[in-house]
Structures are given as structure tokens and as C-alpha cells.
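# Results of the structural survey
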Amino acid sequence: MIRVSVMYSYQPNVRFDHDYYRTRHLPLIKSRMGAALKYYAIDKGLAARDGKSPSAYVAMCHLLCDSVDAYQSAFAPHAREIQGDILNFTDVTPIIQISEVVVENSAGRETGRAA
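To keep things clear, this report deals only with the structure shown in the data block. (Residues numbered from 1 in each chain as written. Predicted model: local features only at pLDDT ≥ 70, side-chain atom pairs only at ≥ 80, totals over all residues. Heavy atoms only, no water.)

## Focus: helix α1 (residues 18–33)
- For α1, which comprises 16 residues, the first-to-last C-alpha distance of 21 Å matches the rise-based estimate of 22 Å (1.5 Å per residue) to within 8%.
- A bend of about 25 degrees at His25 is the largest found in α1, and the proline Pro27 appears one to four places after it.
- Residues of α1 that are buried include every one of Tyr20, Tyr21, His25, Leu26, Leu28, Ile29 and Met33, and no others.
- In this fold, the buried residues of α1 make contact with β1 (2–9), β2 (39–44), β3 (57–65), α2 (68–75) and α3 (79–85).
- At the C-terminal side of α1, Gly34 shows a positive phi close to 60 degrees. (Helix = DSSP H or I, 4+ residues; strand = E, 2+ residues; numbered from the N terminus. Expected span 1.5 Å × (residues − 1). Bend = angle between axes of the 7 residues up to and from the residue. Buried < 20%, exposed > 50% of the residue type's maximum accessible area, 1.4 Å probe, protein only. Contact = heavy atoms within 4.5 Å.)

See below:
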């Protein structure tokens, strides 16, 4: 299992439409990627560790797929459309990281593999 994390850095006066991101952009990704996208989550940055300073990221999403190949095969044909939609909700260029999910602990049930 892999996780593609798309992170939007906080900047003063950042433009980020969380409602559009939640109701339009991520559903667009899901509809284009189909069954290859097993799960997605959206994070909305609230604060840094001190609870007062702005968070490092204004928003993030995490896309879970079976493999890098599965992700790339499903995303690549729609990359131009999906990336073009970014201007509809932000002026921030996202940072993207692909990670292997080594351990997942959902609802008290841990799964994983040795690293």
C-alpha cells in the first residue's frame, strides 16, 4: 500500500478554498482514478505545535493506492485536468510525497509489514 500526500504550505495571505477542495477537487480525483484510489483523507491545518502559530500546511490530502504503478496508471491520464483544477481553490503550489504505508492502525486493528 502506498500513500500519496499532497501538501499545501501555509503562507501569509494564502488563498485556499477548503469547501471547493472538499466538495469538488477530491471528488474529481476520485472519479478520475476510480477503483485504483482505495481511500482518501483531507486535513485542514489549524495550528502549529504551540497551538497559536499557523500550521505548516494550510491543507493536505492523502491518497491510498495499492502500488505506485496503480497510482500512476490511474492518475497520469487525468493529470492535466486535475492539476489544472488547482487554480480554482488555491494559489499555492503543492508539495507531493509518495510513501509506503508500513503500519496502519485503524479502529484498533493494526496491520503492517516489516520495514
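## A word on α2
- Looking at α2, one finds that the buried residues are Tyr71, Ala74 and Phe75. Axial view of α2: buried residues confined to an arc of 90 degrees, hence all on one face. Facing away from the buried side of α2 by over 90 degrees, the exposed positions are Asp69 and Ser73. (Arc of directions from axis to C-beta.)

## Some remarks on the pattern of salt bridges
- According to the stated counting rule, one finds three salt bridges in the structure shown.
- A salt bridge links Asp66 to Lys38, with the shortest nitrogen-to-oxygen separation between them at 3.6 Å. With a gap of 28 residues between them, Asp66 in the loop between β3 and α2 and Lys38 in the loop between α1 and β2 connect regions that are remote in the sequence.
- The class for Lys38 is partly exposed, based on a relative accessible area of 45%. (Salt bridge = Lys/Arg side-chain N within 4 Å of Asp/Glu carboxyl O.)

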